[in-house]
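# Report on the structure
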Amino acid sequence: MTIEDFEKQRKRRLLQVFFLTEAMLLIEAVHRFFIDSEQANELSAALLLAGLLLSPVWFLAQREALKFASRWLLISLTLLVTILLWVFNGLSDEALLGYPCILMFAALMGLRRTFIWMAAFMVTNMLVLGIGNDLQWLQHEPMQSSLNSAVLLCLILLVLASSIWLMIGDLNKLVQALKAENARVHQSQQQIRQLINHDSLTRLPNRIVAREKCEQALQMCQQPDQLVALMFIDLDNFKQVNDSLGHHAGDQLLQAVASQLRSHLRGADLVCRISGDEFLVLAEGFHDEAEVRQLAEKLLAAVATPLDFGRQILSSTCSIGIALYPRDGNDFDVLCQRADLAMYQAKSNGRNHCAFYTAGSAAADS
C-alpha cells in the first residue's frame, strides 16, 4: 500500500464515520421531536445543532485537511456527549456509550495523541461527575429504562459496531499487504542470493558456493577409505573461439559446456564456473583413483562432443586437473591450487587429458 493509497483510505474512513454520525444525530433528533416530554424539543434542537456544527468536517476532508477534520469531528462529539451527561442523567445517561464510540473513531483514524488526550479527558469528566454527585454538588437522577433510551443506545451501538467492522477490515487488509510485502522481500532476497552465488551466463554456482560445498564435504567425509575429488577444468584454445567467431559464440560454447557437465555428473556432484573458461567439479564417495579417472574421462568426452549452433558446429576439448582429499590437502584453497597445477600438467601432456596432482606437477609448474 503506497502513501497515496493510505491517505485515500483515511479520507474514506473519515467520511464514513462522518456520515454515520450525522445519520445517527438526525435519526435521534427526529425521534426525540415526536416524544411527549418536557426536554424532548430541547434535546432534538441540540442534536440538530450538533449535526450542523459537524458539517465543516466534510469541507475539510475535501481539502485534504484530514487530521484537522478528524480532530474537529472527535472534539465536537466529545463536547456534545459531555454536555449531555452534565445536563441530563450524568453517569447513568445513555450518551455515556458515546465515549467508547468516539475513542474507536480516534483509533480508526490513527490519531494516537488525540486518543490519549481524549481518553484522559473522558476519565476525568466521569470522575468529576461521580465525585460531584457524592458530595451533592450535582443532582443527577438515575435514568429509567425505556423504549426511547433503548433506541438511542441501539443507534450508538450500531455506530460503534460499524467502526469496529471498518477497523477489522483495515487490519485484515494491512495483514494481507504485509504478507505480500514479505513475499516480495523474500523473493528479492532469493534473487540477490542467486546473483551473488551464481554465474549470470551459465547459471552455475560460483567459487563462493564451491568453497562452502567443499568445506561441508570435507567435514562429512569421516571414513578413511573414501576420497573427495576436486577437478579443475579449463577449456583448450577457448581464446581462439572468441577471436575467430566472436564473444557471442564463446558465450554459447560456455553455456553448452556447462549443460554437458551438469548432465554427465552424478546427482550429488557439483559443477561451478569460477572464471572465464574455467570450471570446478566437486565429487565425493570414491574409493580409489580409478573411479575418479572414470568420471573425469566421461567429462572429457562430454565436452568434446560437437555442438550444433545452427549455422555452425563447434567442438572443444578441455584439460582436467584432479586433487584428492585427504591425500593432496585438507582444505579448499590447497586442493584448488593443486588441482590447478595438475590441470597445467594435463595441458602439457597434449591437452584433452586429465591428470592427478603429484609432487612432479608442482615442480613442473615452478
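Now for a description of the structure that goes with this document. (Residues numbered from 1 in each chain as written. Predicted model: local features only at pLDDT ≥ 70, side-chain atom pairs only at ≥ 80, totals over all residues. Heavy atoms only, no water.)

### Focus: the overall build of the protein chain
Summing up its helical and strand segments, the protein chain has 13 helices and seven strands in all. The C-alpha atoms of the protein chain give 40 Å as radius of gyration, which overshoots the globular expectation for 366 residues (21 Å, by more than 25%). C-alpha extents for the protein chain along the principal axes are approximately 115 × 50 × 35 Å. Of all 366 residues assigned to the protein chain, the portion counted as buried reaches 42%. In the protein chain, once contacts between residues fewer than 6 apart in sequence are set aside, the share between residues at least 24 apart is 69%. Carbon and sulfur atoms make up 60% of the accessible area of the protein chain, which amounts to about 20,600 Å² in all. (Helix = DSSP H or I, 4+ residues; strand = E, 2+ residues; numbered from the N terminus. Rg over C-alpha atoms; globule rule 2.2 N^0.38 Å. Buried < 20%, exposed > 50% of the residue type's maximum accessible area, 1.4 Å probe, protein only. Contact = heavy atoms within 4.5 Å. Areas by Shrake-Rupley, 256 points an atom, 1.4 Å probe, with all protein chains shown as cover.)

### With respect to the nonpolar core
In a soluble, globular protein the nonpolar side chains are often hidden away together inside. Ranked by internal contacts, the top residues of the largest apolar core, which has 44 residues, are L14, L25, L73, L74, I102 and F105. Elements supplying a minimum of two residues to this core: α1 (3-33), α2 (40-53), α3 (56-62), α4 (66-87), α5 (98-108), α6 (112-134) and α7 (147-197). The greatest single-element share of this core, amounting to nine residues, is contributed by α4. Apart from the residues within four sequence positions on either side, L74 is in contact with I102, F105, A106, L111, T114 and M118. In terms of nonpolar packing, the next biggest core, distinct from the first, is built from 35 residues, L235, V257, L265 and I320 among them. (Core = buried A, V, L, I, M, F, W, Y, C linked by side-chain atoms within 4.5 Å.)

### Quick look at the pairing of strand β6 (residues 318-325)
Along β6, eight of the eight residues are buried, which leaves the element largely enclosed by surrounding structure. Burial along β6 is two-sided: C318, I320, I322 and L324 and S319, G321, A323 and Y325, pointing in opposite directions, are all buried. Where strand β1 (residues 227-235) meets β6, eight bridges bridge the pair, whose relative direction is antiparallel. Across the sheet, the residue bridging to M231 is I322, located in β6. Here β6 pairs with strand β7 (residues 354-356) via three bridges, running parallel. Bridge assignment links I322 to a residue of β7, and that residue is F356. (Pairing = 2+ DSSP bridges.)

### A look at the packing of helix α8 (residues 207-220) against helix α12 (residues 332-348)
Direction vectors running N to C along α8 and α12 enclose 110 degrees, while the axes themselves pass 10 Å from each other. Compared by their axis directions, α8 and α12 come out roughly perpendicular. Seen from above, α8 lies across α12 with right-handed handedness. Seen from α8, the contacting residues are R207, A210, R211, C214 and L218; seen from α12, they are F332, D333, L335 and C336. Taken together, the residues of the contact of α8 with α12 sort by class into six nonpolar, no polar and three charged. (Axes fitted to C-alpha atoms, helices over the stretch in contact; angles between N-to-C directions. Parallel < 35°, antiparallel > 145°, perpendicular 65-115°, else oblique. Left-handed = near helix turned anticlockwise from the far one by under 90°. Nonpolar A, V, L, I, M, F, W, Y, C, P; charged D, E, K, R; others polar.)

### Looking at the packing of aromatic side chains
Inspection of every chain in the model, using the stated rule, returns three aromatic pairs. Seen from their ring centres, W58 and F59 are 5.2 Å apart, and the 90 degrees between their planes marks the pair as edge-to-face. Given the relative accessible area of 34%, W58 is considered partly exposed. Given the relative accessible area of 45%, F59 is considered partly exposed. (Phe/Tyr/Trp six-rings, centres within 6.5 Å; stacked < 30°, edge-to-face > 60°.)

### Examining unusual backbone geometry
A cis amide bond, omega 10 degrees, links Y325 with the succeeding residue P326. Mapped onto the secondary structure, P326 falls in the loop between β6 and α12. Although it is not a glycine, N237 adopts a positive phi angle of roughly 55 degrees. Considering the arrangement of structural elements, one finds N237 in the loop between β1 and α9 (238-245). For N237, a relative accessible area of 39% corresponds to the partly exposed category.

### Description of the pattern of salt bridges
The tally for this structure, following the rule as stated, stands at 11 salt bridges. In this structure, R273 and D199 form a salt bridge, with 3.0 Å as the shortest nitrogen-oxygen distance. Here D199 lies in the loop between α7 and α8 and R273 lies in strand β2 (residues 270-275), a separation of 74 residues in the sequence. Here the salt bridges share partners, and the residues they tie into one network are D234, D236, K347 and R351. (Salt bridge = Lys/Arg side-chain N within 4 Å of Asp/Glu carboxyl O.)

### Topic: the sheet that holds β2
Strands in a sheet are paired, the pairing made by backbone hydrogen bonds, and the direction either parallel or antiparallel. If you walk across this open sheet you meet the five strands as β2-β3-β1-β6-β7, and the pairing is mixed. Both outer strands of the open sheet, β2 and β7, are each paired with one neighbouring strand and no more. Taking each pair of neighbouring strands and ignoring which way they run, the sheet shows an average axis angle of 25 degrees. Looking at chain direction, β2 and strand β3 (residues 278-286) are connected through five bridges and run antiparallel. Across the sheet, residue R273 finds its bridge partner in β3, namely F279. In the packing of α12 onto the sheet, the strands contacted are β1, β3, β6 and β7, and the crossing angle to β6 comes to about 140 degrees.

### Description of α12
Taking 1.5 Å as the rise per residue, α12 with 17 residues should run 24 Å; its terminal C-alpha atoms sit 24 Å apart, in good agreement. Those residues of α12 that sit buried are F332, L335, C336, A339, L341, A342, M343, A346 and K347. Looking at where α12 begins, the residue whose side-chain oxygen comes 3.1 Å from the main-chain nitrogen of D333 is D331. (Expected span 1.5 Å × (residues − 1). Polar contact = N/O pair within 3.5 Å; in protein donor to acceptor, adjacent residues only side chain to side chain.)

Just distances and angles here, no functional claims.
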